[in-house]
Amino acid sequence: MKTVLLTGFEPFGDESINPSWEVVSRLEGVTDAEECIVCVQLPCVFGESLQVLLAAIARYSPTLVIAVGQAGGRTDISLERIAINIDDARIPDNQGYQPIDKPVVENGPAAWFSTLPIKAIVNALQQEGIPASVSQTAGTYVCNHVMYGLLHALGDKPEVKAGFMHIPYLPQQAAKHPGSASMAAETVKQGLEIAIRTALRVEFDEQITGGTMH
Ligand code: PCA
């Protein structure tokens, strides 16, 4: 049986909920003949978030890790392509720490690519009528930090697939940010299930464009 590790974040900034944890926690304990899903909440804190994630990987030995985070204002489920070795926080984290232009890993490579089949996942989501796209940047806040640290830690374990998915606000959050897009928790949950199934099934990603001009 394969173990799938999903992570979501605690709320941060002015939000009282984080859609990533609202959705990820709905999949806790979902098990079938092929896979067992384990869910862990990460603090929205530089350093500590990664410690919690890496401890969970050591404990559960997953074959697939999908970290999920809120990207308020984004319009769809976005599969992150790349994480960069920079912490540059626009707002302090939940411990009041605000790094500016600090490396995630001292002397680490400039970037790590997702090892999820991101094109196949985006395609599968769109086929099911769920808005999705490839994102070329995970930002420079705690989500990028976690994605970079995750891929760096698994750099010598190509058999474990891992990556990051950003999701929009839930409708109740967007209601407080007029003009912002949102996606219902049930739709995101369905999207996450599709992403898991696709990642477990697809060994080599599809050759379809997920590029952007700008
Ligand atoms: N989103 C933030 C950090 C936690 C979260 O859910 C980000 O995009 O960096």
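Residues numbered from 1 in each chain as written. Predicted model: local features only at pLDDT ≥ 70, side-chain atom pairs only at ≥ 80, totals over all residues. Heavy atoms only, no water.

Draft legend 1. Geometry of the pairing of strand β1 (residues 2-9). Most of β1 is tucked away: seven of the eight residues are buried. Relative to strand β2 (residues 35-42), β1 runs parallel, the two sharing eight bridges. For T7, the partnering residue across the bridge sits in β2 and is V40. Note that the unit made of β1, helix α1 (residues 19-24) and β2 has a crossover that is right-handed. Relative to strand β3 (residues 64-70), β1 is paired through four bridges, and the arrangement is parallel. (Buried < 20%, exposed > 50% of the residue type's maximum accessible area, 1.4 Å probe, protein only. Helix = DSSP H or I, 4+ residues; strand = E, 2+ residues; numbered from the N terminus. Pairing = 2+ DSSP bridges. Right-handed = clockwise from strand over helix to strand, strands pointing away.)

Draft legend 2. Local environment of the UniProt feature "active site" (unreviewed entry) in the protein chain. Mapped onto this numbering, the UniProt entry annotates "active site" (unreviewed entry) at E80, C143 and H166. Spatially, the listed residues are clustered: although they cover 87 residues, their C-alpha atoms lie within 10.2 Å of one another. Mapped onto the secondary structure, E80 falls in strand β4 (residues 77-80). Owing to a relative accessible area of 0%, E80 belongs among the buried residues under this scheme. If sequence neighbours within four positions are ignored, E80 has contacts with R74, S114, I118, S135, T137, A138, M147, F164 and H166. A distance of 2.7 Å separates the side chain of E80 from the side chain of S135, its partner in a polar contact. Mapped onto the secondary structure, H166 falls in strand β8 (residues 161-167). (UniProt positions renumbered as here; feature names shortened; annotations may be inferred. Contact = heavy atoms within 4.5 Å. Polar contact = N/O pair within 3.5 Å; in protein donor to acceptor, adjacent residues only side chain to side chain.)

Draft legend 3. Structural context of the site of the ligand. Near the ligand you find F9, F12, N18, C44, G69, Q70, Y141, V142, C143 and H166, and these make up its full shell. Take C143: an N or O atom from its main chain is 2.9 Å from an oxygen atom of the ligand. Interatomic distance of 2.8 Å between a side-chain N/O atom of H166 and an oxygen atom of the ligand. Considered on its own, the ligand offers 260 Å² of accessible surface; in the complex 94% of this is hidden by protein. Taken together, the residues that form the shell around the ligand break down as six nonpolar, four polar and no charged. (Near = heavy atom within 4 Å. Areas by Shrake-Rupley, 256 points an atom, 1.4 Å probe, with all protein chains shown as cover. Nonpolar A, V, L, I, M, F, W, Y, C, P; charged D, E, K, R; others polar.)

Draft legend 4. Structural view of the side chain of S20. Mapped onto the secondary structure, S20 falls in helix α1. Those residues within four positions of S20 in sequence are excluded, and the remaining contacts are G8, F9, V68, G69, Q70 and I167.

Draft legend 5. Focus on the nonpolar core. By size, the foremost hydrophobic cluster in this structure holds 33 residues, and its most contacted members are L6, I66, I77, L79 and L192. Considering every element that reaches this core, the biggest residue donor is helix α6 (residues 185-201), with seven residues. Not counting the four nearest positions on each side in its chain, I77 is found in contact with L125, I130, P131, A132, S133, M165, H166, I167, P168, M183, V188 and G191. Grouped together as the second largest cluster of nonpolar side chains are 30 residues, L5, V40, A89 and L151 included. (Core = buried A, V, L, I, M, F, W, Y, C linked by side-chain atoms within 4.5 Å.)

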